[in-house]
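In case you want the letters, here they are:
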Amino acid sequence: MEKIRFRYNDSVLSIKKRALSFFYEEAIKMKKHGVLALVLAGVMLLLCGCGGMTTDDAMDYVQSALDCGYKAEVKKYAEITETTEKEAKKEYETNLDTIMKEAGFDDTGVSDELKADYRSMFEKMLKSANYKVKEAKETEDDEFTVTVEVCPFMAFSTVSDELDQWVTDTYSNVESIPSDEELNEAIMRKMYEIMSAKLADPTYGDKMEKEVHVKVNKDGAYYIPNDDLTAVDDALFPQNQL
């Protein structure tokens, strides 16, 4: 994420609206990378086993993987995958740090306090993921299909419009153009405030069902295909509703 540079012959309002668009797109990019990265990192460890998995085991595996990746609830996942809670939690925290770095927050010029606020907010957003593991069916070769009910996150659907209105109200009559640093901080701060308020009482769309497959690799270890996790993630946090 690069700092915004201004051409002073532009109108103040148009500058601010371009700034709004830029920062909003970057925030959504961060969100999408963050959710998917956390989920995938949380379930890439293979479930070591020598066969004999039951439908209940398959449901527990999928439930624990989603809970670890989205909600940082690591106890059950650590038990199933024979890792430690400390290792699972450390991976979750490291992923959050990586998300912030790759989203470009270090290059925005915003304060460390605001960076920390965004990190905390996006962690809360992940924990708001609304899903329920419904049932599992054994297919063939000791593999399973697990049905997951998901409700799409809709809480940020009006953020862009609200932030645009704030930009208009705040900057339409200013007499001088703020510095890059001041503008970066102000817009990112306001976007954080709007998003945080919505996270306090998130809204969701109609429930739908997604299938997650629990497969066995050539070494006899169970795993969840990345494509299945991506499909669940896209359903939980649809891009077109943000």
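Everything discussed here concerns the structure shown above.
Enquirer: Let's hear about the overall build of the protein: which residues, and what values?
Expert: What the protein contains, in helices and strands, is eight helices and four strands. Mapped from its N terminus to its C terminus, the protein presents α and β elements in the order α-α-α-α-α-β-β-α-α-β-β-α. Looking at the protein as a whole, 48% of its 242 residues are labelled buried. When contacts within the protein are restricted to residue pairs at least 6 apart in sequence, those whose partners lie at least 24 apart make up 75%.

Enquirer: Explain the nonpolar core residue by residue, including any values.
Expert: Val62, Tyr118, Val148 and Val214 are the most contacted members of the largest nonpolar core, which totals 58 residues. Tallying contributions element by element places helix α7 (residues 180-199) first for this core, with eight residues.

Enquirer: So, α7: which residues are in play, and what are the values?
Expert: Over its 20 residues, α7 extends 28 Å from the first C-alpha to the last, a length consistent with the 28 Å expected when each residue adds 1.5 Å. Three or more residues of α7 are buried, namely Asp180, Leu183, Asn184, Ile187, Met188, Met191, Tyr192, Ile194, Met195, Lys198 and Leu199. Summarising the axial view, the buried residues of α7 lie within an arc of 165°, below the 170-degree limit, and thus occupy one face. Opposite the buried face of α7, at more than 90 degrees from it, the exposed residues are Glu182 and Ala197.

Enquirer: Please set out helix α6 (residues 159-171) residue by residue, giving values where relevant.
Expert: Taking 1.5 Å as the rise per residue, α6 with 13 residues should run 18 Å; its terminal C-alpha atoms sit 18 Å apart, in good agreement. Within α6, the full set of buried residues consists of Val159, Leu163, Trp166, Val167 and Tyr171. The buried residues of α6 occupy an angular sector of 100° when projected down its axis, which confines them to one face. Turned more than 90 degrees off the buried face of α6, the exposed positions are Asp161 and Asp169.

Enquirer: Provide a residue-level description of the packing of α6 against α7, including the pertinent values.
Expert: Their axes nearest at 10 Å, the elements α6 and α7 cross at an angle of 135°. By the angle between their directions, the pair α6 and α7 is classed as oblique. Classified by chirality, the crossing of α7 by α6 is right-handed. Of α7, the residues touching α6 (which contributes Val159, Glu162, Leu163, Trp166 and Tyr171) are Leu183, Ala186, Ile187, Lys190, Met191, Ile194, Met195 and Lys198. For the contact of α6 with α7, a count of residues per class yields 10 nonpolar, no polar and three charged.

Enquirer: I'd like a rundown of the side chain of threonine 81, residues and numbers included.
Expert: Tracing the sequence through the fold places threonine 81 in helix α3 (residues 75-81). From its side chain, threonine 81 meets the backbone oxygen of tyrosine 77 in a polar contact 2.7 Å long.

Enquirer: Any details on the pattern of salt bridges? Residues and values, ideally.
Expert: Between side chains of opposite charge, a pair can form as their charged atoms come close. All chains considered together, the criterion is met by 11 salt bridges. The shortest N-O distance in the salt bridge between lysine 127 and glutamate 123 comes to 3.5 Å. Taken together, the residues span about one helical turn, with lysine 127 and glutamate 123 both in helix α5 (residues 112-127) at a distance of four residues. The class of lysine 127 is partly exposed, set by a relative accessible area of 37%.

Enquirer: Tell me about the pairing of strand β3 (residues 208-216), and please be specific about residues and values.
Expert: Relative to β3, strand β2 (residues 144-151) runs antiparallel, the two being bridged by seven bridges. Bridge pairing in β3 places valine 150 opposite methionine 208. The pairing of β3 with strand β4 (residues 222-223) spans two bridges and is antiparallel. Bridged to lysine 215 within β4 is tyrosine 223. Where β3 hands over to β4, the hairpin turn is made up of five residues, of which glycine 220 adopts a positive phi near 85°.

Rules used in this analysis
- Residues numbered from 1 in each chain as written.
- Predicted model: local features only at pLDDT ≥ 70, side-chain atom pairs only at ≥ 80, totals over all residues.
- Heavy atoms only, no water.
- Helix = DSSP H or I, 4+ residues; strand = E, 2+ residues; numbered from the N terminus.
- Buried < 20%, exposed > 50% of the residue type's maximum accessible area, 1.4 Å probe, protein only.
- Contact = heavy atoms within 4.5 Å.
- Core = buried A, V, L, I, M, F, W, Y, C linked by side-chain atoms within 4.5 Å.
- Expected span 1.5 Å × (residues − 1).
- Arc of directions from axis to C-beta.
- Axes fitted to C-alpha atoms, helices over the stretch in contact; angles between N-to-C directions.
- Parallel < 35°, antiparallel > 145°, perpendicular 65-115°, else oblique.
- Left-handed = near helix turned anticlockwise from the far one by under 90°.
- Nonpolar A, V, L, I, M, F, W, Y, C, P; charged D, E, K, R; others polar.
- Polar contact = N/O pair within 3.5 Å; in protein donor to acceptor, adjacent residues only side chain to side chain.
- Salt bridge = Lys/Arg side-chain N within 4 Å of Asp/Glu carboxyl O.
- Pairing = 2+ DSSP bridges.

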